[in-house]
Amino acid sequence: MKTVRMPLPGVSLGCDYNPEQWSPDVWREDAALMRQAGVGLVAVNIFGWSNLEPSPGEYRFDDLDEVIELMHANGIKINLGTGTSSPPPWLTTQHPEVLPVAADGTVRFPGGRQAWCPSSPVFRKRALDLVERVARRYGEHPAIALWHVSNELGCHNALCYCETSAEGFRTWLRGRYGKIETLNEAWGTSFWSQRYGAWAEIQPPRLALSLRNPAQLVDFQRFSSENLLDYYRAETAILRAHSTVPVTTNFMVTAHIRNLDYWSWAPEMDVVANDHYLDHRLGEPVPELSFAADLTRGLAGGRPWMLMEQAAGAVNWQPHNLTKAPGEMIRNSLTHVARGADSICFFQWRASAQGAEKFHSAMLPHAGTDTVAWREVLKLSETLGRIGEVAGSEVESDVALLFSWESWWSAEGEARPSQAVTYLDQVHASHRALRANGVTVDVIAPGTDLTKYKLVVVPGLYMISDADAQAITDYVAAGGKLLVTFFSGIVDERDRIRLGGYPGAFRDVLGVVAEEFGPLLPGAEVDLSDGTTGTLWTERLRTTTATALATYENGPMTGLPAITRNAYGKGTAWYVATKTDMSDLLKEAAGATGEKNDQLEVVRRKNGDRGYLFVINHSPDPVELPAAGHDLVTDQPVTGVLRVEGGGVAVVREEAS
Ligand code: GLA
């Protein structure tokens with residue numbers, strides 16, 4: 001089992017703190033208010049470089065010393081940033097070659113943040129010099145509870161197309177393929193006269209006049225993810241040389257950032273940490289929060305993790321930045337805890353008065369403490385204090401959903417059957433339907449041992465290796481249940497089509513074969529024989545050994561199967577070949593009972609025999625559920641029926657069974 005090194009005991013409360021933006025008298029006020037709010041952990045020095053090293057080699061630590069001592073004196077632990085996330089202006093002025101280059105070959109200038117090329121040796125040397133100084137100075141300071149490497153690595157700069165990156169890409173390709181001929185075969189370079197004779201001829205996939213080579217694109221994503229991970233390792237090695245404190249960086253498991261393959265990153269974290277913001281560009285932001293939390297738990301190997309950033313209210317980077325209604329932030333926070341978080345932190349402590357984030361919410365808003373936002377923070381703090389004993393427990397789940405960044409990168413290539421089909425839409429739809437049926441889902445990587453699961457869901461998993469596909473087939477043969485949705489199993493890791501009909505890797509286990517895709521235009525609907533409708537996608541599908549559960553009543557595939565079920569070995573496998581409401585099907589497959597309710601989350605964490613039942617009621621109406629034990633939130637006994645008020649939360653320590 002993966003060991004996890006949480007910075008604090010219990011379910012802690014924390015935040016980013018940017019004292020560089022304020023004067024020392026404000027720091028003292030902050031420390032007092034942090035104590036009042038029960039803040040236990042502050043992330044400092046996240047964007048500290050230009051203050052710590054105002055000119056090359058001139059280091060000034062006085063302010064950071066003072067802030068750390070102030071926090072220490074107030075019993076607040078430090079999540080210490082290495083400070084390298086954004087280079088200071090002197091560095092990009094003296095060495096413009098550290099600046100990242102976009103796919104169109106144009107430079108991305110400083111003036112924002114993260115303006116550095118992940119392959120730049122100059123950046124790396126300067127950044128590591130700073131890390132060395134910071135680690136040496138504070139590595140054994142008793143207030144330091146966690147190291148925070150850089151910040152959201154790859155948020156803006158993951159893909160750099162400069163000459164230095166091109167050289168790094170070539171070196172990486174040599175390591176992967178060994179011989180140029182192997183690369184030619186993997187990339188299918190006979191197509192469009194792309195055959196390479198020498199490594200030096202290979203470029204990163206810069207913008208071209210026409211469609212680019214999709215295998216080259218996916219390899220560039222792989223290279224870029226590994227390249228930044230290598231950078232993370234370089235910073236971490238320095239920290240470990242000077243300190244025994246756990247090390248992490250903040251992931252971005254969100255709906256709009258996808259550049260790093262966190263399955264390969266996560267094992268290198270002492271504790272997995274995620275940043276999550278409700279995304280109102282999605283139709284349904286709250287279920288996406290639950291999905292992201294489940295995926296973060298998957299990255300943590302099922303062990304507890306940290307929510308490193310969330311917003312107390314609105315963010316500032318969406319087109320319409322909605323605030324949170326009273327109670328909403330607490331429900332969101334408890335949703336993360338229910339799904340495995342043992343630490344809830346915010347970006348940021350005090351709302352900035354200047355800079356690009358001056359309209360981003362904070363725990364302490366511009367209007368001060370006589371505010372709803374501040375009172376909500378105090379309430380959350382009290383709640384987290386009351387439920388502290390859940391820390392260390394693990395989420396109970398017997399349904400898995402397979403998720404893959406590699407597949408995401410490749411599925412959304414430049415030329416595909418339908419631009420309207422996106423990977424996350426498919427993933428979210430499956431997760432949402434399970435969640436609405438009260439099913440807690442483990443989101444795991446292809447290749448993970450499946451034996452403990454009674455149902456495995458595979459939404460839109462376009463790319464899969466032979467070995468991972470075989471493991472799924474074996475799982476079903478041994479008695480498992482599998483549900484696959486369309487555009488799955490189409491290619492191998494080289495993005496090469498699995499020939500013989502779709503859904504390639506899953507044809508046998510599903511007992512179907514499709515000879516052609518039949519995407520639908522946006523807005524078009526087809527009727528299914530079970531009374532539901534399909535949108536977006538159909539297939540010219542026939543069953544081999546499966547049974548059709550629903551067929552198309554009209555549209556291009558009239559009479560052909562849309563939903564099938566196959567008995568395979570001792571197990572059962574369903575295929576859903578169109579976009580349709582899967583609630584009933586997933587309910588049946590998961591063996592769920594009870595009323596569908598997408599406004600209610602019911603999740604259980606367990607610590608040995610001890611169960612903690614989390615109930616989060618997103619609706620305005622009260623709900624009643626069977627439960628017995630003690631509600632830690634209200635400190636009241638629960639004797640058979642648990643009533644949770646509209647918008648309320650409960651965490652019931654269940655009577656040991
Ligand atoms: C990210 C960053 C923070 C801040 C927030 C705003 O998560 O890590 O520095 O910019 O976004 O939402």
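Each chain carries its own residue numbering, running from 1 in the written order of its sequence. Predicted model: local features are reported for residues with pLDDT of at least 70 only, side-chain atom pairs are reported and counted for 80 or more only, and whole-chain, interface and lining totals are derived from all residues. To obtain the side-chain values, all non-hydrogen atoms of the structure were used and water was disregarded.

Caption draft 1: How the structure looks around the overall build of the chain. The number of helices and strands found in the chain is 17 helices and 26 strands. Taken over C-alpha atoms, the radius of gyration comes to 26 Å for the chain, in line with the 26 Å a tight globule of 657 residues would show. Projecting the C-alpha coordinates of the chain onto the three principal axes gives extents of approximately 75 × 75 × 40 Å. The rule is simple: take the accessible area with a 1.4 Å probe, protein chains only, and divide by the maximum for that residue type; under 20% is buried, over 50% is exposed, in between is partly exposed. Buried positions account for 59% of the 657 residues belonging to the chain. Partitioning the intrachain contacts of the chain with sequence separation of at least 6 by distance along the chain shows that 71% fall at a separation of at least 24. Total accessible area on the chain stands at roughly 25400 Å², and carbon and sulfur atoms take up 51% of it. By definition, any uninterrupted DSSP run of H or I lasting at least four residues is a helix, any uninterrupted run of E lasting at least two residues is a strand, and each is numbered from the N terminus. Note that the radius of gyration is over C-alpha atoms, with the globule rule given as 2.2 Å times the number of residues to the power 0.38. A contact between two residues is defined here by any heavy atoms of the two lying within 4.5 Å. Each accessible area value is a Shrake-Rupley result obtained with a 1.4 Å probe; residue values ignore everything except the protein chains displayed when judging cover.

Caption draft 2: Quick peek at the pairing of strand E22 (residues 600–607). At least two DSSP bridges between two strands are required for those strands to pair. As paired elements, strand E10 (residues 394–395) and E22 share two bridges and run antiparallel to each other. Its bridge partner lying in E22, Val395 is registered against Arg605. Pairing of E22 with strand E23 (residues 610–617), which is carried by eight bridges, proceeds in the antiparallel orientation. By the bridge assignment for E23, Leu600 is matched with Asn617. Between E22 and E23, which pair antiparallel in sequence order, lie two residues; one of them, Gly608, sits at a positive phi of approximately 65 degrees.

Caption draft 3: Local environment of the site of the ligand. Note on definitions. A residue lies near a molecule or strand when any single heavy atom of the residue is within 4 Å of it. Close to the ligand lie Phe47, Arg113, Asn151, Glu152, Asp275, Tyr277, Glu309, Trp317, Phe347, Glu357 and His360, which account for all nearby residues. Side-chain atoms alone can form a polar contact between residues adjacent in sequence; in general such a contact is a pair of N or O atoms within 3.5 Å, and within protein one must be able to donate a hydrogen while the other accepts it. The contact in question runs from an oxygen atom of the ligand to an N or O atom on the side chain of Asn151, over 2.8 Å. Within the contact set of the ligand, an oxygen atom lies 2.3 Å away from a side-chain nitrogen or oxygen of Glu357. When the ligand sits alone it has 310 Å² of accessible area, and the protein chains cover 97% of it.

Caption draft 4: View of the nonpolar core. What we call a nonpolar core is a set of buried Ala, Val, Leu, Ile, Met, Phe, Trp, Tyr and Cys residues that are connected through their side-chain atoms within 4.5 Å. Residues Trp349 and Phe403 are the most contacted members of the largest nonpolar core, which totals 172 residues. When residues of this core are assigned to domains, at least three fall in each of domain 1 (399–581) and domain 2 (600–654). Apart from the residues within four sequence positions on either side, Trp349 is in contact with Cys15, Asp16, Tyr17, Asp30, Leu33, Met34, Ala37, Val39, Ala362, Met363, Leu364 and Trp374. Within the second largest apolar cluster, 16 residues are counted, among which are Trp187, Trp199, Phe220 and Phe223. All domain edges in this entry derive from an automatic or database-based domain assignment.

Caption draft 5: The arrangement of the domain arrangement of the chain in detail. Here the chain is described as being made up of domain 1 (399–581) and domain 2 (600–654). One C-alpha centre belongs to domain 1, the other to domain 2, and the line joining them spans 35 Å.

Caption draft 6: Structural view of helix H5 (residues 121–138). For H5, built from 18 residues, the straight-helix expectation of 26 Å at 1.5 Å per residue is met to within 8% by its first-to-last C-alpha distance of 25 Å. Listed as buried for H5 are Phe123, Ala127, Leu128, Leu130, Val131, Val134, Ala135 and Tyr138. Buried residues in H5, looked at end-on, bunch into an arc of 160 degrees, giving them a common side. Set apart from the buried face of H5 by more than 90 degrees, the exposed residues are Pro121, Lys125 and Arg136. If you follow the buried residues of H5, they end up packed against helix H2 (49–52), helix H3 (62–73), strand E3 (77–81), helix H4 (89–94), strand E4 (144–148) and helix H8 (214–242). Looking at where H5 begins, the residue whose side-chain oxygen comes 3.3 Å from the main-chain nitrogen of Val122 is Ser120. A helix is expected to span 1.5 Å for every residue after the first. By definition, the arc is the one covered by directions from the helix axis to the C-beta atoms.

Caption draft 7: Quick look at the packing of aromatic side chains. Note on ring pairs: Phe, Tyr and Trp rings are taken, using the six-membered ring of Trp, and paired if centres are within 6.5 Å. Classes follow the plane angle, with under 30 degrees stacked, over 60 edge-to-face and the rest tilted. Counting across every chain of the model gives 34 aromatic pairs. With a centroid separation of 6.1 Å and an interplanar angle of 50 degrees, the aromatic rings of Tyr232 and Trp265 are classed as tilted. Here Tyr232 is found in helix H8, whereas its partner Trp265 is found in helix H9 (residues 262–265), with 33 residues between them in sequence. Seen in terms of ring centroids, Phe487 and Phe517 are 5.8 Å apart; in terms of plane orientation they differ by 80 degrees. Their pairing is edge-to-face.

Caption draft 8: Region of the structure containing the sheet that holds strand E11 (residues 399–402). Taken together, seven strands build an open sheet; the order of strands is E12-E11-E13-E14-E21-E20-E19 and the sheet is mixed. This sheet does not close on itself; its edge strands, each paired only once, are strand E12 (441–444) and strand E19 (547–551). If you compare each strand with its neighbour and ignore which way they point, the axes differ by 20 degrees on average. Examined bridge by bridge, strand E14 (residues 481–485) and strand E21 (residues 571–576) share five bridges and lie parallel to one another. Directly across from Val484, in E21, lies its bridge partner Tyr575. Only the stretch in contact is used when fitting a helix axis, every axis being a line fitted to C-alpha atoms; angles between N-to-C directions are given from 0 to 180 degrees.

Caption draft 9: Layout of the pattern of salt bridges. Salt bridge, as used here, is a side-chain nitrogen of Lys or Arg placed within 4 Å of a carboxyl oxygen of Asp or Glu. A complete count under the given rule lists 42 salt bridges for this structure. When the shortest N-O distance is used, the salt bridge between Arg339 and Asp294 registers 2.9 Å. Highlighted residues: Arg339 in the loop between helix H11 (328–338) and strand E9 (341–346) and Asp294 in helix H10 (residues 285–299), separated in sequence by 45 residues. In this structure, the salt-bridge partner of Glu654 is Arg604, at a minimum N-O distance of 2.7 Å. With a gap of 50 residues between them, Glu654 in strand E26 (residues 649–654) and Arg604 in strand E22 connect regions that are remote in the sequence.

Caption draft 10: Structural context of the sheet that holds strand E2 (residues 41–44). Taken in spatial order, the nine strands of this open sheet run E5-E4-E3-E2-E1-E9-E8-E7-E6, and their pairing is parallel. Bordering the open sheet on either side are strand E5 (247–248) and strand E6 (250–251), each of which pairs with just one other strand. Sheet topology places strand E1 (residues 12–16) next to E2; three bridges connect them, and they run parallel. Paired with Gly14 across the two strands is Leu41, which belongs to E2.

Caption draft 11: Quick peek at a negative patch on the surface. Two distance rules govern patches: like charges are joined within 9 Å, and nonpolar side chains (Val, Leu, Ile, Met, Phe, Trp, Tyr) within 5 Å, applied only to residues with over 30% relative accessible area and no salt bridge. We treat Lys and Arg as the positive residues and Asp and Glu as the negative residues; His and chain ends play no part in the count. Where a charge lies is defined by one atom per residue type, namely NZ (Lys), CZ (Arg), CG (Asp) and CD (Glu). A cluster of like negative charges, contributed by Glu525, Asp527, Asp530, Glu553, Asp581 and Asp584, occupies part of the molecular surface. By the element assignment, Glu525 lies in strand E16 (residues 525–527). Given a relative accessible area of 54%, Glu525 falls into the exposed group.

Caption draft 12: A look at the side chain of Asn184. When you line up the elements, Asn184 lands in helix H7 (residues 180–187). The exposure class of Asn184 is buried, given its relative accessible area of 1%. Those residues in contact with Asn184 that sit more than four places away from it in its chain are Thr189, Gln194, Arg195 and Tyr196.

Caption draft 13: Structural detail: a nonpolar patch on the surface. On the surface, a cluster of nonpolar side chains totalling about 330 Å² of accessible area is made up of Phe191, Trp192 and Leu211. As for its position among the elements, Phe191 is in the loop between H7 and H8.

Caption draft 14: Fine view of the side chain of Asp442. Within the secondary structure, Asp442 sits in strand E12. Classification of Asp442 as buried rests on a relative accessible area of 9%. Side-chain polar atoms of Asp442 contact the side chain of Arg297, separated by 2.9 Å. With residues up to four places along the chain from it excluded, the contact list for Asp442 reads Arg297, Ser397, Val399, Ala400, Leu401, Lys452 and Tyr453.

Caption draft 15: Looking closely at the pairing of strand E25 (residues 636–644). Relative to E25, strand E24 (residues 623–631) runs antiparallel, the two sharing nine bridges. Looking at E25, one finds that Leu625 is bridged to Leu642.

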